[in-house]
Amino acid sequence: MAGQLKLNSDTYLPLRDVVFHTLRDAILRGDLQPGERLMEIHLAQELGVSRTPVREAIRMLEKEGLAVTIPRRGAHVARMTEKDLEDVLEIRDVLDELAARDACERMNDEDFEDLSDAMKHFRSVVKSRDVRAIAEADEQFHDVIYTGSKNPKLVNIVRNLKEQMYRFRFEYLKKIDDYSILISEHEAIMEALKNRDRALVTEKMHEHLKNQVEAVRTAIRAMDETEEK
């Protein structure tokens, strides 16, 4: 890990957020490996900052499920497990179904225009093959659907879950060779919403999430096998 971290100073975010994004990207890229110790003093020295923003950034990583603090052993990069995957995505699946059902009935012309814009943006971003940008564009597409449900309580619950979803979403997007499949899935969801077809949009949302689960589960098993060798 030494020498791999470089603080992104070209930002107007608070220093703790800059450190957080730097560490999060390193974890998602694999520069910081699952189980690796996150030592405040070493990270602070490498990034050229004090220990305070590093400590705050690690707490933010814990909220996203990317780090875990073990008593008397300190903070470590969290390992991804199939149980974590299943727990988070089981909840997401139920929320997706509820959002799809409500959005079918409640989305208006402005919502559909926002969804179309989000789809255009997603198509544009996938050409870059920048996984972080694609993950954000993917979130934006789904956020329009959640907002279109016109259920603020649901939107708040999803927002809280989103942080825990990010690592799995990122891992899924890293494994995709052909993003046209993902584009097709989004288009199918959008078309079903426009037709107000609750059964079909629910089916497409389930299918979309199922593909993510299978891809991430395969990745987790591959990591486990590597660690066992």
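A. Examining the overall build of the protein more closely. A count of helical and extended segments in the protein gives nine helices and two strands. A globule of 229 residues ought to have a C-alpha radius of gyration of about 17 Å, and the protein, at 19 Å, matches this closely. Considering only C-alpha atoms, the protein reaches an extent of 55 × 45 × 35 Å along its principal axes. Within the protein, the proportion of its 229 residues that are buried is 44%. Partitioning the contacts of the protein with sequence separation of at least 6, the portion at a separation of at least 24 is 74%. Element-wise, carbon and sulfur atoms account for 48% of the exposed surface of the protein, whose accessible area totals about 12,300 Å².

B. Summary view of unusual backbone geometry. One non-glycine residue, Arg72, adopts positive backbone phi at about 65 degrees. With respect to the helices, strands and loops of the structure, Arg72 is situated in the loop between strand E1 (67–70) and strand E2 (74–77). Note on Arg72: relative accessible area 85%, which makes it exposed. For Lys150, which is not glycine, the phi torsion reads 55 degrees and is therefore positive. Inspection of the secondary structure puts Lys150 in the loop between helix H6 (131–148) and helix H7 (152–175). A residue is classified by how much of its surface remains accessible, and Lys150, at 39% relative accessible area, is partly exposed.

C. Layout of the environment of Ser149. Tracing the sequence through the fold places Ser149 in the loop between H6 and H7. The buried category is assigned to Ser149, whose relative accessible area is 0%. For the pair Ser149 and Glu105, spaced 44 residues apart in sequence, the C-alpha separation works out to 8.0 Å. The contact partners of Ser149, leaving out residues within four places of it in the chain, are Ala99, Asp102, Ala103, Arg106 and Leu154.

D. Structural context of the environment of Val94. Examined against the element boundaries, Val94 turns out to sit in helix H4 (residues 82–106). On the basis of relative accessibility, which here comes to 54%, the residue Val94 falls in the exposed class. A sequence separation of 112 residues divides Val94 from His206, and the C-alpha atoms of the two residues are 9.1 Å apart.

E. View of a negative patch on the surface. A contiguous patch of negative charge on the surface is contributed by Asp109, Glu110, Glu113, Asp114 and Asp117. Mapped onto the elements of the fold, Glu113 is located in helix H5 (residues 109–126).

F. How the structure looks around the packing of aromatic side chains. A complete count under the given rule lists one aromatic pair for this structure. The residue whose ring lies beneath Arg24 is Tyr166, and the NZ or CZ to ring-centre distance is 4.3 Å.

What counts, and at which threshold
Residues numbered from 1 in each chain as written. Predicted model: local features only at pLDDT ≥ 70, side-chain atom pairs only at ≥ 80, totals over all residues. Heavy atoms only, no water. Helix = DSSP H or I, 4+ residues; strand = E, 2+ residues; numbered from the N terminus. Rg over C-alpha atoms; globule rule 2.2 N^0.38 Å. Buried < 20%, exposed > 50% of the residue type's maximum accessible area, 1.4 Å probe, protein only. Contact = heavy atoms within 4.5 Å. Areas by Shrake-Rupley, 256 points an atom, 1.4 Å probe, with all protein chains shown as cover. Patch = residues over 30% accessible without salt bridge, like charges linked within 9 Å, V, L, I, M, F, W, Y side chains within 5 Å. Salt bridge = Lys/Arg side-chain N within 4 Å of Asp/Glu carboxyl O. Lys, Arg positive; Asp, Glu negative; His and termini not counted. Charge placed at Lys NZ, Arg CZ, Asp CG, Glu CD. Phe/Tyr/Trp six-rings, centres within 6.5 Å; stacked < 30°, edge-to-face > 60°. Lys NZ or Arg CZ within 6 Å of the ring centre and 35° of its normal.

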